[in-house]
Every structure is written in C-alpha cells, then in structure tokens.
Amino acid sequence: MTVGEGSQAPVPPRLRRDARRNRERLVEAAHAVFAEQGLEAPLDVIARRAGVGNATLYRHFPTRAALVDAVFRGQLAGTMEAGERARRVADAWAGLADYLDAVFATLAADRGTNDLMTTRLPDVETLDAVHAHNRETVDVLLERARAQGVVRADVTTEDLLFALAALGRAVPPLAAAAGPDAWRRPLALFLEGLRGPASGPRPLPGRPLDEEELGQVLGEMGPHRARPTDGSTGGAAAGGTAST
C-alpha cells in the first residue's frame, strides 16, 4: 500500500487558471511540510513553500482543517481497502495481523499521516470516514478472533484502538532512530500480548533498541522535539485561521 496514490485534491469549479495553479501548489507544499513537521506545522511556512502569500492560502483554505482535508483526501483510501481485505481472510489472527501491519506502514509514511490517524482533528470529513471504517474493521476482526480463540476474550475494541494510537505515535521517532521498519518489533510484541489460548507466542522480528536509540525516540516524541523552521517562526498561522 502506498500512501498518496490517487490522492488528487478536489478543486472547486470555475477557478481561473492562475487560481487553480495556486491551489495545486498549496496542496503540494502542504503535503511536503506536513510530512516533515506534522499537522501543527505553521501555515505561513506552507504559503512560502508554495510561493504565494498568506492571503492567497486563506482564500483557498480558510481553516487548517480545510487544508488538511484537501491534502489527505484519498490518501488514506488504502487503509480502508486493507480493512476490507482483512475482513475476507478466513484466519482471524492473520487478518488482524495483516491489517495492523498495513495501518502501521501508513503511519510510518510521514508525520502528517501519523498525526491524522493517531489523533482527533475536528471538521475533516474524509478523516471521519476513515476513523469510522477503522473502528468497524477492528470490531469485526476482534469478534472473529475471539470466536476462534486466538485473541484473549477480555480485549475490547476501545482497548485495541487506544493502544494502537499510543504505539502509532512512536512510529516516526522509531524510524528516525532505528530505521524505517523499527516499528515492526514493538507491534509484534503488542500482538503477542493479545494472543488467546488457541495460539502460542512467536519470535519477535528485528532487534531491540539500545539505550541511546531509546533516548532519541523518547526525545522526539516530546513537544520540544526539533522542528525544521524553514525560516519561519510560525506567527499567527499556527492557530489554523487568520484574517487577511
């Protein structure tokens, strides 16, 4: 699954050619900046990266949520497709494991996607659909897994979603400290904790973090983590709305 495939942001009809091009440049710049810095990246950095003024950005996207929706509309479709595939797998444990593998591969793609899927951002319509589908998928897979005895009987959908969101937040700093696939080991360890009486423990993939890597990961997870400034201090744009 490749994040970004088929992710063309919708463009309002009857825009002039120059306005249409400005909108496209803003969406492209926003995707790059969100990928690097996360969804809290200053909006004036995005405007500067796109080569337009702040007023142009706010005319097209009056709120941060509107810009996020335009950038990520369609990009998370692969997660929903992975959920549909997982529901069709007869082996409930294999379906659950494959689905979570696909979700975490998406979380590892960039910080913007990770922020989007592991937190709640109001007023982003496409995100609401993805969250609802993800919850439904987890609910279906857990019910089947409990019936087959491969997942412990007391695990709820909320248990799983909370734990996955918490673990998912660590994925970008894990990748920075120990490589792009470093998330596979803690995910496998988490899955082992879910196993029911019908399935036994399996070896963990990858290698454990060393002390230095752990310190780097924990540092990058904090609010004080380093963030590229792109020559900007953020200004009023960081709040998501502004007047022109």
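Residues numbered from 1 in each chain as written. Predicted model: local features only at pLDDT ≥ 70, side-chain atom pairs only at ≥ 80, totals over all residues. Heavy atoms only, no water.

1. Topic: the overall build of the protein
As a reminder of what qualifies: Each helix is a run of DSSP H or I of at least 4 residues and each strand a run of E of at least 2, with the numbering of both proceeding from the N terminus. In this scheme, a residue with accessible area under 20% of its type's maximum is buried, one over 50% is exposed, and one in between is partly exposed, where area comes from a 1.4 Å probe on protein chains only. Between two residues, a contact is recorded if the distance between any of their heavy atoms is within 4.5 Å. Per-residue and other accessible areas follow the Shrake-Rupley method at a 1.4 Å probe size, with only the shown protein chains counted as cover for residues.
Looking only at helices and strands, the protein features 12 helices and zero strands. Written out in order from the N terminus, the α and β elements of the protein read α-α-α-α-α-α-α-α-α-α-α-α. Residues counted as buried form 45% of the 244 residues belonging to the protein. Counting only contacts in the protein whose residues sit at least 6 apart along the sequence, the fraction spanning at least 24 positions is 70%. About 12,400 Å² of surface is accessible on the protein, with carbon and sulfur atoms providing 53% of the total.

2. Section: the packing of helix H1 (residues 17-37) against helix H4 (residues 64-72)
For clarity, the threshold we go by: Fitted lines through C-alpha atoms serve as axes, helices being fitted only where they are in contact, and the angles separating the N-to-C directions of these axes extend from 0 to 180 degrees. Here is the rule for angles: anything less than 35 degrees is roughly parallel, anything more than 145 is roughly antiparallel, 65 through 115 is roughly perpendicular, and the remaining ranges are oblique. In this count, Pro and Cys sit with the nonpolar residues alongside Ala, Val, Leu, Ile, Met, Phe, Trp and Tyr, while Asp, Glu, Lys and Arg are called charged and the others, Gly among them, polar.
At a minimum axis separation of 9 Å, H1 and H4 run at an interaxial angle of 90 degrees. It follows that H1 is roughly perpendicular to H4 by the angle criterion. Residues Arg23, Val27, Ala30, His31 and Phe34 of H1 form the contact with H4, whose own contacting residues are Arg64, Leu67, Val68, Ala70, Val71 and Phe72. For the contact of H1 with H4, a count of residues per class yields eight nonpolar, one polar and two charged.

3. As for the pattern of salt bridges
Any two side chains of opposite charge can pair, on the condition that their charged atoms come close. Where we set the bar: Between Lys or Arg on one side and Asp or Glu on the other, a salt bridge is scored when a side-chain nitrogen of the former is within 4 Å of a carboxyl oxygen of the latter.
With the rule as written, the count across this model stands at 11 salt bridges. Notably, a salt bridge pairs arginine 21 with glutamate 28, separated by 3.9 Å at the nearest N-O pair. The class of arginine 21 is partly exposed, set by a relative accessible area of 39%. Glutamate 213 serves as the salt-bridge partner of arginine 207, at 2.6 Å between the closest nitrogen and oxygen. Relative accessible area serves as the criterion here: at 47%, arginine 207 is assigned to the partly exposed category. Exposure remark for glutamate 213: the relative accessible area of 11% places this residue in the buried category. Ionic contacts of the salt-bridge type, sharing partners, join the residues Arg21, Glu24 and Glu28 into one network.

4. Side note on the packing of helix H7 (residues 111-118) against helix H9 (residues 157-169)
Formally: Left-handed describes a crossing whose near helix is turned anticlockwise from the far helix through less than a right angle; right-handed describes the clockwise counterpart.
Close contact between H7 and H9 brings their axes to 9 Å; oriented N to C, the two are set at 160 degrees. If you check the angle between H7 and H9, you find them roughly antiparallel. As for the relative orientation of H7 and H9, their crossing is left-handed in sense. For the pair H7 and H9, the contacting residues are Asn114, Asp115 and Thr118 in the first and Ala165, Gly168 and Arg169 in the second. Here the contact of H7 with H9 is built from residues that sort into one nonpolar, three polar and two charged.

5. A look at the nonpolar core
Stated precisely, the cut-off is as follows: The nonpolar core is taken to be a set of buried Ala, Val, Leu, Ile, Met, Phe, Trp, Tyr and Cys residues, with the residues joined through side-chain atoms within 4.5 Å.
Judged by nonpolar contacts, the single largest core of 61 residues is most densely connected at Phe34, Ile46, Leu67, Tyr99, Phe104, Val151 and Leu187. Contacts of isoleucine 46, omitting those with residues within four sequence positions, involve Leu26, Ala29, Ala30, Val33, Phe34, Leu57 and Leu67.

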